[in-house]
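For reference, the chains in residue letters:
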Amino acid sequence: MKKITILCAVLLAAFACQRTTEVVDDLIPSDDGLFPFVISYEMAKGAATDFSPLLEAPAGKDGFIRVENGHFVNDKGRVRLNATNLTAAANFPTHEQAERVAERIANFGINCVRLHYMDWPYGPEGFPLAKEPSIFAKDGSERNLDPEMLDRLEYLIAQFKQRGIYVDVNLYVARYQYHYKGQNAINTFIQAKEREYAKDLLTHVNPYTGLPLAKDPVVAVVELNNEDALFTTYCGGNLVPPGWPTMADIKGTEMPEAKKREFYKTLLKYEADHWNNMRTYLKKDLGVMAPVTSTQVSYSQPSTFDGMDFYDNHAYWLHPTIGVFWKQNTAPMVNEPNGGTLPGLASRRFAGKPYTISEYNHPYPSFYGAEGQPMLHAYAAFQGWDGVFAYSWNNRINEEPQSMEYFFSYAARTDCLAHFNACAAMFLRGDVQEGEDGVTAIVPLKAFEDEWVKKPTRNGDIITLIKDGTGMTKQDMLLHKTTVDVHADKPVAVKTSEPAAVKISDTKQIEWNNEDPENGMFMVKTPNVKVFSGFPKGRVADLGDGVTLNIGKTKLGWATISLTSKEGDGFEKGTSLLVATGYTHNKDAKFKRELDKDGNPTTTISSRWYEWGTGPMMTEGIPATVTLPSAAEATTCWALDESGARKVEVPVTKGADGKAVVEIGDKYQTVWYEISVK
């Protein structure tokens, strides 16, 4: 993901010299009927919203995470990382804030936090937030660790460990990035700095745990680099070391094919050697016990990852762009018939090693952001991936914002955060069944080389390679558990499916319906988790096991609803959490929809930083009739407050065959409800 720094002076200069984008206002939903609702930073312990019992505390009690048979395991068995990120200064809360943020993260069933972007030497600025500290001392050296910030980080890690939350330690992310992006494989200065930083961070004994990170089983994984690879930077034309050919030279017809192939292999060897040397340094010199990876697989070619312990990737649905206006395409992914981001992620799940998605988001101010994490978690569980990380929990020392300050933060994003419990059940608890009879698409390494020689680019089209070599399409990756084998000799055709408007996973638990192209519906149908996200348009959603939804009129004609059994034993007994969200944004936000060149409204909205509004977050109450399989007389329902505590009882009526029927709506001024069956 692009980490963006915006200086206010630059913005003001841009306002003066750039033409204002033409916009129209009347297509943005009004704020009428919205109510304030920010999920509390002090959650009700033991409430229907408390999914911390899914975590096994302390983190690492069953031994170090390691790799066996292509997955993460510890002494107890398989380990899945249901995770989020802390970005930049958010890694350095005060001790009091650390306790509260760890408790809140655990409440949502999150068992791992990626410690990301800690090495930005001056503190992030922009959006338009003031600078905040990084892990480096303020002496300008960009090398000495700040004792206060290190203490805060280590206390936070101890709080995570105590509650059963692992950490993913990121090493080189931002330091020197504007001067040396992509050069770590060939620049001995950068290599020395990477090793120095790794040693200082990973071997310092945490006074709150008594262990250095290298030897602490709280560390789930270590990432050497973030979104940075020699291959990507060079192929993008942003790096030409002395004596190397330029990309124009390589693309030119006068360079012999044999020379292109030789250079391709040399380029990848530089990179692979660096990654392997760094991994060896961590493992042998520093004694790091956790699995290690290099960078994201989409930033290089598969062969450079052969020496790593696992594969990692990132994806964003419609990443925002920055200019005079901040622009966000708000098209919902549920209306994307080919699966949006998900086939691309599946296409880079290479055989033989664990696979994680350490950044994923449908960025704010998208109106449909709540669809993102449930869709990702459902397919990640079905595909058998090993870790999924919502990006990001927060990016500020202020761990308790009341509004959205940043495109990617979740801490105050009510409509998305409320469904995190369902995500934890689907992925961490394993309520969504992993596909059994998967499909392996064989795409030999030589196919990647041939593609690059024919058309040298920073990113090849692996989806096309898979389709050309095996016949497998994006749709197939939604229907079947998918693995890509790059070490076989030649492509092998696989069984493929005919294009269909309704895509049902071969486990029958995930359904994506695009029969109406403008009103898609995504559904999860498992015994313990039910999810609907999309545009009902008068259709009743049958989620199986006696659960149906009849959703009324909403501001967008869209909603996301999840129903999760807290105990994991169905909906005919025990406690369940019902969540219903729709249009949600900052108070007094002023978003505008752009027009195309012909004056027609588009799905892109624009705003400037001072138009994002303030707290609290405002949301709508979703009108819906929920039919349950439990007997009406045995069923009770409560609207919950921001902490998850019971607020007011909701009537339960008797439907067909005496089954419970619950009517929810805006009069309850909430996004979640507790359902209890005796």
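Residues numbered from 1 in each chain as written. Predicted model: local features only at pLDDT ≥ 70, side-chain atom pairs only at ≥ 80, totals over all residues. Heavy atoms only, no water.

K.L.:
Where do I start with the overall build of the protein chain in this structure?
P.N.:
From N to C terminus, the protein chain includes 15 helices and 37 strands. Taken over the C-alpha trace, the protein chain has a radius of gyration of 25 Å; the compact-globule value for 678 residues is 26 Å, and the two agree within 12%. Considered along the principal axes of its C-alpha atoms, the protein chain spans approximately 80 × 60 × 60 Å. The buried share of the protein chain, reckoned over its 678 residues, is 62%. Across the protein chain, every contact between residues at least 6 apart in sequence was considered, and the portion connecting residues at least 24 apart equals 74%. For the protein chain, the accessible surface area stands at approximately 24700 Å², while carbon and sulfur atoms represent 50% of it. (Helix = DSSP H or I, 4+ residues; strand = E, 2+ residues; numbered from the N terminus. Rg over C-alpha atoms; globule rule 2.2 N^0.38 Å. Buried < 20%, exposed > 50% of the residue type's maximum accessible area, 1.4 Å probe, protein only. Contact = heavy atoms within 4.5 Å. Areas by Shrake-Rupley, 256 points an atom, 1.4 Å probe, with all protein chains shown as cover.)

K.L.:
When you look at the sheet that holds strand β3 (residues 66-68) in this model, what are you seeing that I'm missing?
P.N.:
Consider a sheet: its strands pair through backbone hydrogen bonds, and that pairing is either parallel or antiparallel. Pairing in this open sheet of 3 strands is antiparallel, and the strands run β3-β4-β5 from one edge to the other. Both outer strands of the open sheet, β3 and β5 (77-78), are each paired with one neighbouring strand and no more. (Pairing = 2+ DSSP bridges.)

K.L.:
Where do I start with the environment of W244 in this structure?
P.N.:
With respect to the helices, strands and loops of the structure, W244 is situated in the loop between α6 (230-235) and α7 (247-251). Using a relative accessible area of 18% as the deciding quantity, one classes W244 as buried. Separated by 90 residues in sequence, W244 and E154 have C-alpha atoms that sit 43 Å apart. Setting aside residues up to four positions removed in sequence, W244 forms contacts with I186, L230, Y234, F263, L267 and Y270.

K.L.:
I would appreciate a short explanation of the confidence of the model for the protein chain in the present structure.
P.N.:
The predicted structure's coordinates, where accompanied by low pLDDT, should not be read in detail. Put simply, the protein chain has an average pLDDT of 92, and 95% of its residues get 70 or more. The low-confidence segment residues 1-22 (pLDDT under 50) makes 46 contacts with residues lying over four places distant or belonging to another chain. (pLDDT = per-residue confidence, 0-100.)

K.L.:
Explain the packing of aromatic side chains here, please?
P.N.:
By convention here, two paired aromatic rings are described through the distance between centres and the angle between planes. A complete count under the given rule lists 36 aromatic pairs for this structure. Relative to W120, the ring of Y117 lies with its centre 6.3 Å away and its plane at 25°, an arrangement referred to as stacked. Of the aromatic side chains, those joined through ring pairs into one cluster are Y316, W326, Y364, Y391, Y406, F407, F408, F591 and W612. Just above the ring of Y299 sits the side chain of R458; from NZ or CZ to the centre is 5.6 Å. R646 extends its terminal NZ or CZ atom over the ring of W638, reaching a point 3.5 Å from the ring centre. (Phe/Tyr/Trp six-rings, centres within 6.5 Å; stacked < 30°, edge-to-face > 60°. Lys NZ or Arg CZ within 6 Å of the ring centre and 35° of its normal.)

K.L.:
I'm lost on the sheet that holds strand β31 (residues 614-619) in this one. Help?
P.N.:
Sheet architecture is open: 3 strands sit in the order β2-β31-β28, paired in antiparallel fashion. Two strands in the sheet have a free side with no partner beyond their single neighbour: β2 (35-36) and β28 (584-587). Looking at chain direction, β2 and β31 are connected through 2 bridges and run antiparallel. Bridge assignment links P36 to a residue of β31, and that residue is M618.

K.L.:
Explain helix α13 (residues 445-454) here, please?
P.N.:
Counting along an α-helix, one turn takes 3.6 residues, and residues three or four places apart therefore face a common direction. Regarding α13, the residues found buried are F448, E449, E451, W452 and V453. Considering only its buried residues, α13 is in contact with α6, α7, α8 (257-285) and α14 (462-470).

K.L.:
What is the right way to read the side chain of D431 from this model?
P.N.:
When you line up the elements, D431 lands in the loop between α12 (420-427) and β18 (439-442). Take D431: its relative accessible area is 13%, and that puts it in the buried class. Looking at D431, its side chain comes within polar contact range of the side chain of R429, at 2.6 Å. Apart from residues lying up to four places away in sequence, D431 is in contact with A425, M426, Q509, T526, N528 and V529. (Polar contact = N/O pair within 3.5 Å; in protein donor to acceptor, adjacent residues only side chain to side chain.)

K.L.:
Teacher, can you tell me more about unusual backbone geometry here?
P.N.:
Peptide bonds are mostly trans, and most non-glycine residues show a negative phi. At the junction of Y364 and P365, the peptide bond is cis and its omega measures out at 10° in the coordinates. Inspection of the secondary structure assignment puts P365 in the loop between β16 (355-361) and α10 (372-383). Residue Y391 is joined to S392 through a cis peptide bond whose omega torsion reads 0°. Along the chain, S392 turns up in strand β17 (residues 387-394). You will see that E142, though not glycine, has its phi angle at about 55°, which is positive. Locating E142 in the fold gives a position in the loop between β7 (112-116) and α3 (147-162). Classification of E142 as buried rests on a relative accessible area of 13%. We note that L318 has phi near 60°; this positive angle belongs to a residue other than glycine. Along the polypeptide, L318 turns up in the loop between β13 (311-316) and β14 (321-322).

K.L.:
Hey, could you run me through the pairing of strand β27 (residues 574-581) in this one?
P.N.:
Summarising burial for β27: 7 of the 8 residues are buried, a large majority. Bridge count for β27 against strand β37 (residues 672-677) is 6 bridges, and the pairing is antiparallel. Bridging across to β37, S576 finds its partner in I675.

K.L.:
Looking at this structure, I do not really get the pattern of salt bridges. What am I missing?
P.N.:
Opposite charge on two side chains permits them to pair, given that their charged atoms come into close proximity. Considering all chains together, one arrives at 36 salt bridges under this definition. The closest approach of N and O atoms between E434 and R80, which form a salt bridge, is 4.0 Å. Remark: R80 occurs in the loop between β5 and β6 (81-87) and E434 occurs in the loop between α12 and β18; sequence separation between them is 354 residues. Looking at E434, the relative accessible area reads 21%, which means it is partly exposed. Residue classification places R80 among the partly exposed residues on the basis of a relative accessible area of 23%. Between R261 and E257 there is a salt bridge, with the nearest N and O atoms lying 3.1 Å from each other. With R261 and E257 both in helix α8 and 4 residues apart, the pair spans about one turn of that helix. Each of R78, R80, D386, E434 and K481 takes part in one network of salt bridges that share partners. (Salt bridge = Lys/Arg side-chain N within 4 Å of Asp/Glu carboxyl O.)

K.L.:
How do you make sense of the state of the cysteines when you look at a structure like this?
P.N.:
Should the sulfur atoms of two cysteines be covalently bonded, the bond is a disulfide. Going through the model one piece at a time under the given rule, you end up with 0 disulfides. Not part of a disulfide, C112 finds its nearest cysteine sulfur in C423, a span of 16 Å. Owing to a relative accessible area of 0%, C112 belongs among the buried residues under this scheme. (Disulfide = S-S within 2.5 Å.)

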